[in-house]
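Structural characterization, general
If you want the building blocks of each chain, they are given just below.
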Amino acid sequence: MIPPLTTEMVVVFAIAAAAFFMFVVEVFPPHVTAFIVMTSLIVLGPWTGISPSEGISGFSNDATITVLAMLVLSYGVSQTGAVQKLGERMASFAGTDQRKQLGATLAFAGLPSAVLNNTPIVAMLIPVVSDVADRGRTSPSKLLIPLSYGAMVGGMLTLIGTSTNLIASNVAGRLGGQYPSLHAYSMFEFTKLGIIVFVVGTVYLMTVGQRLIPERVLPTETILEEYDLEPYLAEVLVDEDSSFVGRTVGDTMEGIELDADIVSLVRGEGTFLEPLAGNTVRPGDVLVVRADFPTLRRLMTSQGLSFSTDNVTEAALAPDREGETLIELVLPSWSSLTGETLESAAFRQTYDTNVLAVRRGSELLHEWMDRTPLRRGDTLVIQASEEIVDRLATERDFIVTAMPADPNYRESKIPVAIAIVAGVVGLAATGRFDILTTALSGVVAMILTGVVRPNELYEAVEWDVIFLLAGLIPLGIAFEGTGAAASVGSLVATSAGFLPAVGVLWVVYVITTLVTAVVSNSASVILMIPVAANAAAEMGLDPYAFVLAVTFAASADFMTPIGYQTNLLVYGPGGYRFTDYFRVGAPLQLLLSIATVGGIVLFWGV
């Protein structure tokens, strides 16, 4: 029976609906939306039942602190280059065989994701997989969605594979007093189900899925062709009477209100890149200019420039030394450049490089990029020397899709880092220590052994994830306390009138995946676990089975690039369209819903 609506329920439903709306239209970044939700729950405390101490309890929640510790452990491993070393083995094994490339990508993404947070794993492997694709003349589009999906199903193998599992464990433990079968998960409690999901997902991606993934980036395309840069780049000759003569490159464009940039200077046999601004322009110099044709004509007419007879090639954008010339940078959700413009972030001045194009999903931006606010998942095409690429590879704000030529890894610390992670997993698996204690101890061990330096602790944490979790945990508490969860649970339970128990379990799984696609994986488990537990109890079924279904469903958003961070990370480098995720992910989602529900019934019953 569905309980009657109360004022308290209406207020909580209204806050949840507003949060859903802000998540969908991205009025603010997700972690800012979560902070607004937390504040609203506190301010409306007389109706939500959330006191100030409960409102901020998410910041001291076991799950939040455990996620923070696991992020530091993952960062420590990344600083040693251990995952990148595995990637090099992957490249040598895969060669030019596309099936081997795909199998290696799935294995090297999925297995480490069982014990390390899967988001950093994907971030570390994007340049490795891109390099494998380039060497094997394979479209990177064929490997990057499998990289994300492989890490996602790998994260379902253990408690610590993804922050979703840790949050689900915490919520289930909190509900244990109300539902005796519920408890916090142990390290390998659902690993046997995770193995089924991992195997089914891998087989699908190696067979049907591979056929469905389009080649959005052709293996024979240069970056100029891939990003349609040729119409926006031109070589112009500096005439004797040009106003540019005698001025530095940095001064030439001052006061000229045109969307144009000088990206390189060719003089005789030499090419000058960044730092370019200090070079003095001479008659006869050839400038490579980024601008559309009408803008270029206005610039040439007003400044005494004429067309060079040569077309722009990547060689014209190259420095006089070996190294990368055109490089892709991905902005992860935690990048401080999200919401900024290239101009407000002083990108060119800070990194001595030019941005030639921005890819936003399948959309290419070539004009007024300096004034366009950047979004998470954007891919920037930059012109950079080898030294700049190495520098950018160490910046947390970017993921460089090319392997750095001279990476500064702490390779001597690889055995120590692996031993620490193994100790964290092993001690938690014994049951003598909880995962919070072992994870924090692992962080301390990494600091004491020099795997992570004390001044790196802040940058090691994805603070947007922490604020997202901390801000939404009070919403889950309000959902339970006001009876809103029971109301929704009762509504779900009505499906038992025309569906068997396993059918209702499948419905809960599907609803959770839809919620995850709209908001986020963490938000969906916080909201859906109380609902699922209430629905199961009302039908006289085991809440544990339903809570486990929610846990797995929240980590299975394969149909959109925005519901799960790893999907967003590969969105730009793969050149994907939004619909590509549905095309490849919808059959996988359906397949895994059947495999997961069937596995739960097989191992635990309903």
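The structure we're discussing is the one just above.
Reading the values: rules and limits
Residues numbered from 1 in each chain as written. Predicted model: local features only at pLDDT ≥ 70, side-chain atom pairs only at ≥ 80, totals over all residues. Heavy atoms only, no water. Helix = DSSP H or I, 4+ residues; strand = E, 2+ residues; numbered from the N terminus. Buried < 20%, exposed > 50% of the residue type's maximum accessible area, 1.4 Å probe, protein only. Contact = heavy atoms within 4.5 Å. Areas by Shrake-Rupley, 256 points an atom, 1.4 Å probe, with all protein chains shown as cover. Lys, Arg positive; Asp, Glu negative; His and termini not counted. Charge placed at Lys NZ, Arg CZ, Asp CG, Glu CD. Axes fitted to C-alpha atoms, helices over the stretch in contact; angles between N-to-C directions. Parallel < 35°, antiparallel > 145°, perpendicular 65-115°, else oblique. Left-handed = near helix turned anticlockwise from the far one by under 90°. Nonpolar A, V, L, I, M, F, W, Y, C, P; charged D, E, K, R; others polar. Core = buried A, V, L, I, M, F, W, Y, C linked by side-chain atoms within 4.5 Å. Pairing = 2+ DSSP bridges. Patch = residues over 30% accessible without salt bridge, like charges linked within 9 Å, V, L, I, M, F, W, Y side chains within 5 Å. Salt bridge = Lys/Arg side-chain N within 4 Å of Asp/Glu carboxyl O. Phe/Tyr/Trp six-rings, centres within 6.5 Å; stacked < 30°, edge-to-face > 60°. Lys NZ or Arg CZ within 6 Å of the ring centre and 35° of its normal.

**Focus on the overall build of the protein**
A tally of helices and strands in the protein yields 27 helices and 10 strands. Each of the 606 residues in the protein was classed as buried or not, and the buried ones make up 58%. Restricting to contacts in the protein with at least 6 residues of sequence separation, those with at least 24 account for 79%. Counting every atom, the protein has about 23300 Å² of accessible surface; 60% of that belongs to carbon and sulfur. Positive and negative charge centroids in the protein, built from 32 and 58 side chains respectively, lie 5 Å apart.

**Quick notes on the packing of helix 5 (residues 62–80) against helix 10 (residues 163–174)**
Relative to each other, helix 5 and helix 10 sit at 155°, their axes nearing to 9 Å. It follows that helix 5 is roughly antiparallel to helix 10 by the angle criterion. The crossing of helix 5 and helix 10 is right-handed. From helix 5, Asp-62, Ala-63, Thr-66, Val-67 and Met-70 reach across to helix 10, where they touch Ser-163, Leu-166, Ile-167 and Asn-170. Classifying every residue of the contact of helix 5 with helix 10 by side-chain character gives five nonpolar, three polar and one charged.

**With respect to the nonpolar core**
Membership of the largest hydrophobic core comes to 141 residues, with the highest contact counts inside it found for Leu-147, Tyr-149, Met-446, Phe-546 and Phe-558. For this core, the leading source of residues is helix 24 (residues 521–538), giving 11 residues. Setting aside its immediate chain neighbours within four residues, Phe-558 contacts Tyr-149, Met-152, Val-153, Met-156, Asn-567, Tyr-581, Gly-585, Leu-588, Gln-589 and Leu-592. Of all hydrophobic cores here, the second largest spans 21 residues; its members include Leu-329, Leu-331, Phe-347 and Val-400.

**With respect to the environment of Thr-105**
If you trace the backbone, Thr-105 turns up in helix 7 (residues 98–110). Taking the C-alpha atoms as reference, Thr-105 lies 8.6 Å from Gly-87; in sequence the two are 18 residues apart. Ignoring any residue separated from it by four or fewer positions in sequence, one finds Thr-105 in contact with Met-90, Val-129, Leu-143, Pro-146 and Leu-147.

**Some words on the sheet that holds strand 9 (residues 379–383)**
Across the sheet, five strands lie side by side as 8-7-9-6-10; this open sheet has antiparallel pairing. The open sheet is flanked by strand 8 (363–365) and strand 10 (399–400), the only strands paired with a single partner. In this sheet, strand 9 lies alongside strand 7 (residues 354–360) in antiparallel orientation, the contact comprising five bridges. Paired with Arg-359 across the two strands is Thr-379, which belongs to strand 9.

**Points about the side chain of Thr-551**
Note on placement: Thr-551 falls in helix 25 (residues 543–554). A residue is classified by how much of its surface remains accessible, and Thr-551, at 1% relative accessible area, is buried. Look past the residues within four positions of Thr-551 in its chain and what remains in contact with it is Thr-164, Asn-165, Ala-168, Tyr-185, Val-525 and Ile-529.

**Quick word on unusual backbone geometry**
Note: most residues except glycine have negative phi, and most peptide bonds are trans. One non-glycine residue, Asp-228, lies in the positive phi region at around 50°. Relative to the assigned elements, Asp-228 resides in the loop between helix 13 (223–226) and strand 1 (233–238). Phi is positive for Ala-346, close to 50°, though the residue is something other than glycine. With respect to the helices, strands and loops of the structure, Ala-346 is situated in the loop between strand 6 (326–330) and helix 16 (347–351). For Ala-346, a relative accessible area of 28% corresponds to the partly exposed category.

**Concerning a nonpolar patch on the surface**
Side chains of Phe-21, Val-24, Val-25, Val-27, Phe-28 and Val-518 sit close together on the surface and give an oily, nonpolar patch of about 500 Å² of accessible area. When residues of the nonpolar patch are assigned to their parent elements, the largest contribution, three residues, is made by helix 1 (residues 7–25). Looking at the secondary structure, you find Phe-28 in the loop between helix 1 and helix 2 (30–43). You can call Phe-28 partly exposed: its relative accessible area is 36%.

**With respect to the packing of aromatic side chains**
Applying the stated criterion to the full structure yields 15 aromatic pairs. Summarising the aromatic geometry, the rings of Phe-190 and Phe-552 are spaced 5.5 Å apart at their centres and angled 85° between planes, so their arrangement reads as edge-to-face. Of this pair, Phe-190 sits in the loop between helix 10 and helix 11 (191–206) while Phe-552 sits in helix 25; the two residues are 362 residues apart in sequence, bridging distant segments of the chain. Neither residue differs from the other here; Phe-190 and Phe-552 are each classed as buried. Connected via pairs of aromatic rings, a cluster forms that spans Tyr-185, Phe-190, Tyr-544, Phe-552, Phe-603 and Trp-604. One residue, Arg-359, lies across the ring of Tyr-227, its end atom 4.2 Å from the ring centre.

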